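Topology and contacts: notes
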Amino acid sequence: MATSVPTLSLNDGNTIPQLGFGVFQVPPEDTARLTGQAFEAGYRHIDTAEMYGNEKGVGQAIRDSGIPRDDLFITSKLNNGFHEPDTARKAFDQTLADLGLDQVDLFLIHWPLPTKYDGDFVSTWKTLVEFKQQGRARSIGVSNFQPAHLARLAEETDVVPAVNQIEVHPYFTNEAARSAGHDAGILTEAWSPIAQGGVLDDEVITKIAAEVGRTPAQVTLRWHVQRGDVVFPKSSSPERMAENFALFDFELDDAAMQQITALDRGEDGRTGPNPDEFDFIPD
Ligand SMILES: NC(=O)c1ccc[n+]([C@@H]2O[C@H](COP(=O)([O-])OP(=O)(O)OC[C@H]3O[C@@H](n4cnc5c(N)ncnc54)[C@H](OP(=O)(O)O)[C@@H]3O)[C@@H](O)[C@H]2O)c1
C-alpha cells in the first residue's frame with residue numbers, strides 16, 4: 001500500500017496533497033522551526049493565514065529547507081479586515097511579500113462575514129479571481145462558507161471555488177456544507193480534524209484504534225482521508241507530526257468508518273464559531 005501522500009484533483013485542473021501541516025496557533029517566533037520540522041517529517045503542504053501572523057515564519061522555513069518550490073503546496077487566507085477589493089489587493093501583496101513567494105498555490109477568503117461589508121463577499125471573491133488570472137494564486141477558494149454562501153457565489157459569479165475549508169471532525173461532520181461543496185465540485189478541507197485533540201479520548205475511537213493497532217489521532221485522520229477530504233493537523237511536536245503523517249499504510253473497514261461518522265453531534269459538536277454569525281475583525 002502506498003505510503004506517500006496522495007494528491008487530489010481540484011476543479012481548475014490543479015492538484016493538492018491530501019495531507020498537510022496547519023500552523024494556526026503556532027507562535028510567529030516558533031513557526032520557521034516547527035514548519036522546518038514538518039518538512040523533515042515529510043509534509044510538503046502548509047496551511048497558514050494572514051490572521052495567524054506567521055506567514056513570515058513559513059516563508060523562512062521554505063527558504064531554509066532548500067526544497068524546490070514546485071514540490072511545495074502553500075495556502076494562505078485573506079484576513080477579515082480586508083474584504084474590500086482595494087484592501088484585499090494590498091493584503092494579498094503583503095501575503096506574498098511575507099511568504100517571500102511570487103505565487104501561492106491556494107488563496108482563500110478566510111470567513112464569509114455575512115453580517116459585515118453589507119454581506120458582500122461576492123466582490124471579495126471577484127478580487128480573488130483577479131489574483132488567479134494574474135497567476136499569483138494558482139488556485140482560489142473559500143473557507144467557512146455555508147451552503148447559502150456557496151449558492152450565492154454560483155449565482156453571481158462564473159468561477160467556482162476550488163475548495164471550501166470548513167470545520168469537520170467526528171463530533172461535527174458538517175454534512176450540509178460538505179455535500180453542498182461536493183455537489184458543486186468543490187473539495188472539502190477539514191479544519192481542526194481531530195477537534196484540537198477533543199475526540200482523542202472518545203470510547204469508539206480509542207476502541208477502533210486498539211483494534212487496528214494505531215493511535216486515536218491516526219484513526220481519526222484516516223477517517224477523513226477515506227472520506228476524500230483534505231486535512232492538515234497542527235502539532236508542535238516532531239513525534240506527533242510523524243504520527244499524523246503515517247496514515248497511508250492502513251485502512252479502516254466500513255463498520256469502523258460508520259461508527260466514527262455516527263459520533264456526529266450536529267451543531268452542538270462545533271468547536272469553532274458559526275460562520276453565519278462570526279464577525280470578528282482583528283485590530
Ligand atoms: N479556516 C479556518 O477558519 C480554520 C480554523 C481552525 C483551523 N484551521 C486550520 O486547520 C489546522 C488544524 O486545525 P487546529 O490546529 O485547530 O486543530 P487540530 O489539528 O485538530 O488539533 C491540534 C491540537 O491537537 C494536538 N495534537 C496534534 N496531533 C496530536 C496527536 N497525534 N496526538 C495528540 N494530540 C495531538 C496539538 O497539540 P501539540 O501541538 O502539542 O501536538 C494541538 O493542540 C490549523 O492549524 C489551521 O491550518 C483553519
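Refer to the structure presented above.
Here is a short report on the structure shown in this document. Keep in mind that this is a model prediction, so the values were computed, not measured. (Residues numbered from 1 in each chain as written. Predicted model: local features only at pLDDT ≥ 70, side-chain atom pairs only at ≥ 80, totals over all residues. Heavy atoms only, no water.)

Let's shift gears to the overall build of the protein chain. Scanning the protein chain from N- to C-terminus turns up 10 helices and 10 strands. A globule of 283 residues ought to have a C-alpha radius of gyration of about 19 Å, and the protein chain, at 18 Å, matches this closely. Its C-alpha atoms give the protein chain principal-axis dimensions of about 55 × 40 × 35 Å. Residue burial in the protein chain is summarised as follows: out of 283 residues, 53% are buried. Long-range pairs, those at least 24 residues apart, make up 75% of the contacts in the protein chain with a sequence separation of at least 6. (Helix = DSSP H or I, 4+ residues; strand = E, 2+ residues; numbered from the N terminus. Rg over C-alpha atoms; globule rule 2.2 N^0.38 Å. Buried < 20%, exposed > 50% of the residue type's maximum accessible area, 1.4 Å probe, protein only. Contact = heavy atoms within 4.5 Å.)

With that settled, consider the site of the ligand. Taken together, 28 residues surround the ligand, and among them Asp 47, Lys 234, Ser 235, Ser 236 and Arg 240 come closest. Asn 144 is positioned with one of its side-chain polar atoms (N or O) 3.0 Å from an oxygen atom of the ligand. Within the contact set of the ligand, an oxygen atom lies 3.3 Å away from a backbone nitrogen or oxygen of Pro 193. Relative to its unbound accessible area of 910 Å², the ligand is 86% covered by the protein chains. The class makeup of the residues in the shell around the ligand is 12 nonpolar, 11 polar and 5 charged. (Near = heavy atom within 4 Å. Polar contact = N/O pair within 3.5 Å; in protein donor to acceptor, adjacent residues only side chain to side chain. Areas by Shrake-Rupley, 256 points an atom, 1.4 Å probe, with all protein chains shown as cover. Nonpolar A, V, L, I, M, F, W, Y, C, P; charged D, E, K, R; others polar.)

Here we come to the layout of surface pockets. Within this model, the largest pocket holds a volume of roughly 680 Å³. Lining the largest pocket we find 32 residues, and of these Phe 24, Gln 25, Ser 192, Gln 196 and Lys 234 sit closest to its centre. Among the residues forming the lining of the largest pocket, the class breakdown is 15 nonpolar, 13 polar and 4 charged. Considered as a void within the structure, the second largest pocket measures approximately 350 Å³ in volume. Forming the boundary of the second largest pocket are 21 residues, of which Asp 70, Asp 71, Leu 72, Phe 73 and Asp 105 lie nearest the centre. (1 Å grid on protein atoms, 1.4 Å probe; cavity = no way out; pocket = protein on both sides within 12 Å on 5 of 7 lines; lining within 4 Å. Points joined across faces, edges and corners; volume = space filled by probe spheres on them.)

Another aspect to go through is the pattern of salt bridges. Going through the model one piece at a time under the given rule, you end up with 15 salt bridges. Its salt-bridge partner being Asp 47, residue Lys 77 comes within 2.6 Å of it at the nearest N-O pair. With Lys 77 in strand β5 (residues 73-78) and Asp 47 in strand β4 (residues 45-47), this pair connects stretches of sequence that are 30 residues apart. The exposure class of Lys 77 is buried, given its relative accessible area of 0%. (Salt bridge = Lys/Arg side-chain N within 4 Å of Asp/Glu carboxyl O.)

If you walk across this open sheet you meet the 8 strands as β3-β4-β5-β6-β7-β8-β9-β10, and the pairing is parallel. Of all the strands in the sheet, just β3 (21-22) and β10 (230-231) have a single pairing partner and so form its edges. Most of the contacts of helix α4 (residues 122-133) go to strand β7 (residues 137-143), to which it runs at about 160°, and overall it touches β5, β6 (104-109) and β7. (Pairing = 2+ DSSP bridges. Axes fitted to C-alpha atoms, helices over the stretch in contact; angles between N-to-C directions.)

Turning to the environment of Gly 53, a few remarks are in order. Relative to the helices and strands, Gly 53 is located in the loop between β4 and α2 (55-65). Overall, Gly 53 belongs to the partly exposed group, its relative accessible area being 47%. Linking Gly 53 and Glu 155, residues 102 residues apart in sequence, is a C-alpha distance of 34 Å.

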